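The residues making up each chain are set out below.
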Amino acid sequence: MKELSLNILDVTENSVKAGASLTEILLEETEETLTITIRDNGCGMDEETVKSVIDPFYTTRTTRKVGLGVPLLKMAAEQTDGSFNVESSVKEENHGTVVTALFYKHHLDFTPLGDIVSTLTTLIQGHPDTDFYFSHKKGGGEVTLDTRELREVLEGVPLNSYEVIKWIEEYLKEQYSLIG
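So, how was this worked out
- Residues numbered from 1 in each chain as written.
- Predicted model: local features only at pLDDT ≥ 70, side-chain atom pairs only at ≥ 80, totals over all residues.
- Heavy atoms only, no water.
- Helix = DSSP H or I, 4+ residues; strand = E, 2+ residues; numbered from the N terminus.
- Buried < 20%, exposed > 50% of the residue type's maximum accessible area, 1.4 Å probe, protein only.
- Contact = heavy atoms within 4.5 Å.
- Pairing = 2+ DSSP bridges.
- Axes fitted to C-alpha atoms, helices over the stretch in contact; angles between N-to-C directions.
- Expected span 1.5 Å × (residues − 1).
- Parallel < 35°, antiparallel > 145°, perpendicular 65-115°, else oblique.
- Left-handed = near helix turned anticlockwise from the far one by under 90°.
- Nonpolar A, V, L, I, M, F, W, Y, C, P; charged D, E, K, R; others polar.

Caption draft 1: Just the environment of Val143, in detail. Residue placement: Val143 occurs in strand S6 (residues 141-146). For Val143, a relative accessible area of 0% corresponds to the buried category. Put simply, Val143 and Ile179 are 36 residues apart on the chain and 7.8 Å apart in space, counted from C-alpha to C-alpha. Here Val143 is in contact with Phe134, Ser135, His136, Leu172, Gln175, Tyr176 and Ile179, once residues within four sequence places are set aside.

Next comes the structure, spelled out in structure tokens:
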């Protein structure tokens, strides 16, 4: 994929399909590194499935025979001499999955983050009943968005209404302009 934000979109879609009511997208950026963590409270995966998800020829989909999202994110991280990890649990009290990818930004093969604002608005618009928490720490500043807080303020107005999506887009752009 040409942008890491597209990898984030793909992996987060997996969280939604796993029945997550909350998915956290956490970005931590330093001068040297970018760490992407996607954490959900979905149904989780057993140990065998966790081992299989990095295989591009493994998928739970019935519409196609390959699942490329996780393997492509893993490859993108490792190409920068970074790392990749998947942890998951199917235990009733602590189910869910955590995907973490570490990238070295100065490496020749580093893929740019891309349009994370569009990725977030696409996720919220496509899954208005799912909650998302987003945090991007960068250069001493932080951009955040929590759809649970938006729901409280909006009092029943759907998150995927045009006005709300446009507001979210402008809100995120404004926050990014403040941290550079």
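The structure having been displayed, the exposition proceeds.
Caption draft 2: A look at helix H4 (residues 116-126). Turning to H4, its buried residues are Ile116, Val117, Thr119, Leu120, Thr121, Leu123 and Ile124. The inward-facing, buried residues of H4 abut helix H1 (4-17), strand S1 (22-29), strand S5 (131-138), S6, helix H5 (147-154) and helix H6 (162-179).

Caption draft 3: Representation of the sheet that holds S5 within the structure. One open sheet holds the 6 strands; their spatial order is S3-S4-S2-S1-S5-S6, and the pairing between them is mixed. Whereas interior strands pair on both sides, the edge strands pair on one side only; in this sheet they are strand S3 (83-89) and S6. Each adjacent strand pair in this sheet contributes to an overall mean axis angle of 5°, direction not counted. In this sheet, S5 lies alongside S1 in parallel orientation, the contact comprising 8 bridges. In the strand pairing of S5, Ile25 is matched with Phe134. H1 contacts S1, strand S2 (33-40), strand S4 (96-104) and S5 of the sheet and is inclined by roughly 15° relative to S2. Where H5 meets the sheet, it contacts S1, S5 and S6, and its direction lies at approximately 55° from that of S6.

Caption draft 4: Local environment of H1. In this model, H1 (14 residues) spans 20 Å end to end at C-alpha, consistent with the 20 Å of a helix rising 1.5 Å per residue. Across the 14 residues of H1, 10 count as buried, placing the element largely inside the fold. Where H1 is concerned, the buried positions are Leu4, Ser5, Asn7, Ile8, Asp10, Val11, Thr12, Glu13, Ser15 and Val16. Summarising the contacts, the buried residues of H1 are in contact with S1, S2, helix H3 (69-78), S4, H4 and S5. Just downstream of H1 lies Gly19, where phi reads positive at about 85°.

Caption draft 5: Layout of the packing of H1 against H4. Packing of H1 against H4 brings their axes to within 9 Å, and their N-to-C directions diverge by 20°. When the axes of H1 and H4 are compared, the pair comes out roughly parallel. Crossing of H1 against H4: the hand is right-handed. Between H1 and H4, the residues in contact are Ser5, Leu6, Ile8, Leu9, Thr12 and Glu13 and Ile116, Thr119, Thr122 and Leu123, respectively. Across the contact of H1 with H4, the residue classes tally to 5 nonpolar, 4 polar and 1 charged.

Without other data, these values stay purely geometric and don't point to any function.
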